[in-house]
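Survey of secondary and tertiary structure
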Amino acid sequence: MAVVNKILLEIRAGAGGEEASIFAGDLARMYERYAQRRGWKFSVIDFNRSDLGGYKTFIARAQGENVYNDLRNEAGVHRV
């Protein structure tokens, strides 16, 4: 049974300075493309760019079929 739901996606660059913000930017773009491929509505709520083009903070909303089920295990700290 397909369930249409929505989630908030929050990405924050941690310790590591510019490298961490570049990684956060890569993650944000990855999740946005994934949402587009799945046919989900993806909208950026807030962001704070770093000097080299990454994100210090990035908050977005994804809405669509089985969003929560597909992304529920993505929580936690990711290290480079």
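The numbers attached to residues start from 1 for each chain and follow its sequence in the written order. With pLDDT at 70 or above as the cut-off, local features in this predicted model cover only qualifying residues; side-chain atom pairs require 80 or more to be listed or tallied, and sums for whole chains, interfaces and linings still use all residues. The basis for the side-chain values is all heavy atoms of the structure; hydrogens and waters are excluded.

**Describing the overall build of the protein**
Helix numbers and strand numbers start at the N terminus; a helix is a DSSP run of H or I with at least 4 residues, a strand a run of E with at least 2. A tally of regular secondary structure across the protein gives two helices and three strands. Order of helices (α) and strands (β) in the protein, N terminus to C terminus: β-α-β-β-α. A radius of gyration in this sense is built from C-alpha atoms; the matching globule rule multiplies 2.2 Å by the number of residues raised to 0.38. Computed over its C-alpha atoms, the radius of gyration of the protein comes to 13 Å, within 12% of the 12 Å expected for a compact globule of 80 residues. Dimensions of the protein along its principal axes, counting C-alpha atoms only, are 45 × 20 × 20 Å. Whether a residue is buried, partly exposed or exposed follows from its accessible area with a 1.4 Å probe, protein chains only, as a fraction of its type maximum: under 20%, in between, or over 50%, in that order. Taking all 80 residues of the protein together, 30% fall into the buried category. Residue contacts follow a heavy-atom distance rule, with two residues in contact if any of their heavy atoms lie within 4.5 Å. Taking contacts inside the protein between residues at least 6 apart in sequence as the whole, the part at least 24 apart equals 61%. Residue exposure ignores everything except the shown protein chains as possible cover, and the areas themselves are Shrake-Rupley values with a 1.4 Å probe. Summed over its atoms, the accessible surface of the protein is roughly 5,700 Å², and 48% of this surface lies on carbon and sulfur atoms. His is not counted here, nor are the chain ends, while Lys and Arg score as positive and Asp and Glu score as negative. By convention, the charge on Lys lies at NZ, on Arg at CZ, on Asp at CG and on Glu at CD. Placing the 12 positive and 10 negative side-chain charges of the protein at their respective mean positions leaves the two points 5 Å apart.

**Here we look at unusual backbone geometry**
A negative phi holds for most residues other than glycine; trans holds for most peptide bonds. The backbone of Asn66 sits at a positive phi, close to 60 degrees, despite the residue not being glycine. Secondary-structure assignment places Asn66 in the loop between strand E3 (55-65) and helix H2 (67-71). The exposure class assigned to Asn66 is buried, which follows from its relative accessible area of 17%.

**Observations regarding the pairing of strand E2 (residues 41-49)**
Strand pairing is assigned whenever DSSP identifies at least 2 bridges connecting the two strands. Of the strand pairs in this sheet, E2 and E3 are connected by eight bridges, and their pairing is antiparallel. If you follow Phe47 over to E3, its bridge partner there is Phe58. In sequence, E2 turns back onto E3 through a hairpin of five residues, with Gly53 there showing a positive phi of about 100 degrees.

**Here's the deal with the environment of Arg37**
Tracing the chain through its elements places Arg37 in helix H1 (residues 18-38). On the accessibility criterion, Arg37 (76% relative accessible area) is exposed. As for Arg37 and Ala13, which are separated by 24 residues in sequence, their C-alpha atoms are 25 Å apart.

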